[in-house]
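# What the coordinates show
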Amino acid sequence: MPTPAQIDEQIALEREQIRQGLKELRDNTYKLEDKSYASASIYGVVSIEQLLPDIVDRITGTSNRVRQGSAGVAFAEIIRYLQDLEAEAAAAIALKVTFDKVFSIKPGQSVITNITDAIGTAVENECMMRHYERNVPGLLNVLKKNYYHRSIGTTQKVTVIKTLMKRYKVDTWDAWGRSNRVKLGGWLLDCICEVSNYFMKTTRRQGRKTILDLSPTPEFLSVKDDIMAQAELFSPLAWPMLIEPNDWTPDGKHGGYILNEVMRGNDMVRRGNPTRIQGEQPVKFLNRIQKVAYTLNPFIVGVAKTLQERQIEIGKFIPIVEMPLPPKPVDIANNTESRKDYRRRASEVCNINAQAFKKSCRTRMTMNAVERFKDVEKFFIPWSFDYRGRAYPIPAFLTPQDTDFGKSLLKFHNHAPITRRVEHWLSFQCATTYGRTKDTIEERLEWTLENLNLIKRIAEDPIGTLSEWERADEPWTFLAACDEYYHCVIECDRNYTNSCVAVDATCSGLQILAGLARDESTAKLVNVIPNERPQDAYKVIADEAKPHVPVHLQPYMDRKTTKRTVMTVPYNAKPFSNRGYIREALAEKGVEVEKDDLTAVVKAVRDAMNVIVPGPMRVMKWIESEVAAAIDRGATELSWVTPSGFVVTQKLMKKDVKRIELQLLGGVKIHVADGDTNEVDKNHHKNATAPNLIHSLDASLLHLSATSFKKPISLIHDSVLCRATDMDDLSEIIRKTYMYLFAEHDYLTDWAQQIGAEFNPPIIDTLKPESVIESTYFFC
């Protein structure tokens with residue numbers, strides 16, 4: 001039990017999180033307004049989304065009247081500029097520019113002529129980009145790839161494209177002229193003002209001039225205040241806790257942070273039905289993993305700080321690398337060419353630095369969290385569920401579900417004395433994180449023994465051996481593993497271990513489906529039943545597909561080509577996404593594939609899966625059919641209870657959303673109705689149910705396993721982490737739990753009854769799941 005002083009310290013920390021979150025929200029809002037980018041603020045995003053449907057209707061209505069000749073002469077000239085632009089795009093651009101200008105802190109931005117010109121210019125630039133997309137798509141694509149994404153802001157992007165199109169002697173864009181831009185912008189601005197009542201015209205005197213500004217109305221300021229007040233309730237930062245988090249209760253209340261009710265936004269089940277009462281077992285599991293104490297790894301912290309100071313990037317660790325501006329030439333004041341050349345070179349450096357700053361964002365935030373917790377003896381992580389029952393940390397940093405770098409920062413706080421099995425599992429961790437995941441256990445242990453000198457050099461001089469450990473598949477967790485192995489096994493100057501050793505499920509989607517279908521052939525391929533060495537389903541399926549793909553592609557059909565497709569098909573990936581995965585895999589081998597050939601490869605891989613993993617493929621097809629039938633019978637949601645007692649609620653309604661592609665603003669989702677419609681999304685249910693059933697069952701497997709395991713444990717979806725001394729026990733518990741789920745229970749038949757299935761599930765029944773007890777590579 002925490003002492004009153006510790007509780008006070010935690011409350012002070014949470015209040016600091018609230019203050020810091022509010023400060024970040026307000027600072028970010030101010031920065032966006034300062035950069036004339038208020039459309040990206042919380043109030044800007046929400047307001048624009050609410051206004052869009054009405055503005056679209058207003059533009060569409062006027063356009064129709066113009067075409068009928070009943071809108072007056074004034075509109076005839078304007079509307080011709082919008083012929084190539086749908087109403088949704090024009091509304092999105094006009095609203096974005098209006099919010100950017102009206103709420104900009106910079107002087108002069110809210111002047112109405114400036115706003116109308118800016119709207120007209122933005123619309124013209126979009127139309128110009130579409131003109132180039134139609135007429136020179138190949139050149140535009142090359143220019144975008146090589147120059148476009150290096151630029152900061154839309155103005156520079158447009159300037160780059162204009163300049164390069166002129167350089168390559170492409171037919172230049174016939175500029176509209178400022179008068180027409182202002183007229184068009186004025187009409188779109190009038191649409192916004194008339195429909196929304198959010199903006200009003202105001203006058204002010206500037207010398208002898210009368211200046212016309214656009215200002216927010218009192219009605220909008222009230223709306224803005226309400227939006228920001230709601231945002232502030234959800235703004236607190238989420239950090240680890242100094243004491244054990246509050247226990248959750250089956251109704252999902254009061255768990256996690258002490259001030260959770262004040263902070264808001266941290267429900268026990270994310271995106272779930274808040275009225276559902278969860279079973280005792282999953283709640284017990286969540287409270288169990290919240291009581292695991294962690295500490296920072298001082299070795300990794302020290303290496304990270306050194307690399308941060310030296311601006312060295314390793315894997316997911318990306319510090320800010322800032323290039324200095326070029327020196328100004330001595331004749332910059334009076335030499336036009338020299339001045340233009342300097343501005344060009346300085347602009348390139350600014351672009352590079354801006355991109356580097358964006359890339360370093362996660363690393364900077366992680367290091368800020370490290371600075372806050374570096375002197376904390378131990379800390380705890382509050383967890384919650386998603387609606388399928390998978391567990392996720394509430395904090396974004398210093399958790400086991402972070403990047404490779406973030407994970408390497410963590411150790412369990414509770415030490416365990418060295419036992420004879422420590423060397424085995426620390427050797428396993430070194431080899432596995434280096435990248436020897438397809439080797440047998442014996443081959444991994446042998447690799448570690450053969451590389452003792454490498455491990456020793458890395459542990460003793462991590463900075464001097466960067467080139468040797470950065471090549472590992474998971475460089476930072478490999479570095480942490482080397483340090484632990486060195487002190488516990490080589491030098492033996494540490495008589496305890498507390499590092500996190502991880503084992504992963506082998507293609508967990510197929511493992512779960514093999515258990516549901518009781519399909520022995522699939523179970524063997526994904527190491528559910530004993531094998532002498534780890535099996536490779538990806539390679540077996542590639543070999544089966546190879547004779548059926550075009551001859552010139554057969555040499556490239558290996559596990560790497562099929563891996564992502566095989567991995568995602570159990571989660572209902574369709575041929576379209578399969579095409580992308582296979583195209584990318586072949587491109588990495590330097591092979592460009594024709595459309596028809598790609599179709600043949602995708603078909604061959606999916607046909608091979610029907611041969612090699614028949615049980616899972618039949619189960620997924622049956623699930624789709626039964627879900628469709630359930631929706632046709634009038635079901636508005638699907639609900640089932642997992643073996644651990646977690647209640648899954650899958651409610652998927654159609655959304656009235658149009659998607660437009662803006663050349664300058666990128667993909668923009670335009671919501672033309674608020675929230676969900678009243679129509680059930682049948683296709684979404686069909687596609688989502690098999691993946692969600694799999695996720696709910698692999699979550700259930702861990703719920704039951706973790707509550708039986710009395711030592712420190714952590715989770716990364718279908719991966720479990722514990723100390724080297726405890727891995728044998730944890731592995732046995734997981735195998736016994738799988739046996740319990742699929743040998744002692746016929747869950748697929750139970751699930752069929754829960755959703756009211758019309759036909760019995762396609763159970764092959766060739767697998768004896770109890771044999772998983774003997775499987776070395778079930779989790780490895």
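Data block above holds the structure.
Residues numbered from 1 in each chain as written. Predicted model: local features only at pLDDT ≥ 70, side-chain atom pairs only at ≥ 80, totals over all residues. Heavy atoms only, no water.

## Here's the deal with the overall build of the protein
For clarity, the threshold we go by: Only DSSP runs of H or I covering at least 4 residues are called helices, and only runs of E covering at least 2 are called strands; the numbering of each starts at the N terminus. This radius of gyration counts C-alpha atoms alone. The globule rule is 2.2 Å times how many residues there are, raised to the power 0.38. Each residue gets one of three labels from its accessible area relative to the maximum for its type: buried under 20%, exposed over 50%, partly exposed in between, using a 1.4 Å probe on protein chains only.
Across its full length, the protein carries 30 helices and 17 strands. The globule rule puts the C-alpha radius of gyration for 780 residues at 28 Å, and the 30 Å found for the protein is close to it. Projecting the C-alpha coordinates of the protein onto the three principal axes gives extents of approximately 90 × 65 × 65 Å. In the protein, which comprises 780 residues, the share counted as buried stands at 53%.

## Some details on the sheet that holds strand S6 (residues 383–386)
In plain terms, the rule: A pair of strands is treated as paired once DSSP finds two or more bridges between them. Contact definition: two residues touch when any of their heavy atoms are within 4.5 Å. Only C-alpha atoms enter the line fits that serve as axes; for helices the fit covers just the stretch in contact. Angles between N-to-C directions range over 0 to 180 degrees.
If you walk across this open sheet you meet the three strands as S3-S6-S7, and the pairing is mixed. Sheet topology places strand S3 (269–270) and strand S7 (391–393) at the edges, where each strand pairs with a single neighbour. In this sheet, S7 lies alongside S6 in antiparallel orientation, the contact comprising three bridges. Paired with Ser-384 across the two strands is Tyr-392, which belongs to S7. The strands touched by helix H11 (residues 280–290) are S6 and S7; relative to S6, the strand with the most contacts, the crossing angle is about 140°.

## As for the environment of Ile-312
Counting through the fold element by element, Ile-312 comes out in the loop between helix H12 (298–310) and helix H13 (336–359). For Ile-312, a relative accessible area of 24% puts it in the partly exposed group. Remark: the alpha-carbon pair of Ile-312 and Ser-222, spanning 90 residues in sequence, is separated by 48 Å. Apart from the residues within four sequence positions on either side, Ile-312 is in contact with Leu-307, Phe-317, Pro-319 and Leu-466.

## A short note on helix H18 (residues 452–460)
The condition that has to hold: For this quantity, the arc is that covered by the directions from the helix axis to the C-beta atoms.
For H18, the set of buried residues is Leu-454, Ile-455, Ile-458 and Ala-459. Looking straight down H18, one finds that the buried residues subtend no more than 125° of arc, so they occupy a single side. Packing partners of the buried residues in H18 comprise H12, helix H16 (422–434), helix H17 (441–450), helix H19 (466–469) and helix H20 (475–490).

## Some points on helix H24 (residues 559–568)
Those residues of H24 lying buried are Thr-561, Thr-562, Thr-565, Val-566 and Thr-568. Turning to H24, the residues buried within the fold contact helix H21 (508–517), helix H23 (537–545), helix H25 (575–588) and helix H26 (595–612).

## Here's the deal with the pattern of salt bridges
To keep it simple, the criterion reads: Criterion for a salt bridge: a side-chain nitrogen of Lys or Arg within 4 Å of a carboxyl oxygen of Asp or Glu.
According to the stated counting rule, one finds 38 salt bridges in the structure shown. For the salt bridge of Arg-130 with Glu-86, the shortest nitrogen-to-oxygen distance reads 2.8 Å. Highlighted residues: Arg-130 in helix H5 (residues 112–135) and Glu-86 in the loop between helix H3 (73–79) and helix H4 (87–102), separated in sequence by 44 residues. When its relative accessible area of 12% is taken as the criterion, Arg-130 is described as buried.

## Overview of the pairing of strand S2 (residues 209–216)
Two strands pair when backbone bridges link them, and strand S1 (residues 199–206) and S2 are joined in this way by eight bridges, in the antiparallel orientation. Looking at the pairing, Thr-202 lines up with Asp-213 of S2.

## A look at the environment of Met-609
Looking at the secondary structure, you find Met-609 in helix H26. The exposure class of Met-609 is buried, given its relative accessible area of 0%. C-alpha of Met-609 to C-alpha of Val-540: the two residues are 69 residues apart in sequence and 9.5 Å apart in space. Those residues in contact with Met-609 that lie beyond four places of it in its chain are Ile-541, Val-566, Val-569, Pro-614 and Met-617.

## Here's the deal with unusual backbone geometry
What you tend to see is this: most non-glycine residues have negative phi, and most peptide bonds are trans. The backbone of Leu-398 sits at a positive phi, close to 60°, despite the residue not being glycine. With respect to the secondary-structure elements, Leu-398 resides in the loop between S7 and helix H15 (404–408). On the accessibility criterion, Leu-398 (0% relative accessible area) is buried. The phi dihedral of Asn-572 is positive, around 70°, even though this residue is not glycine.

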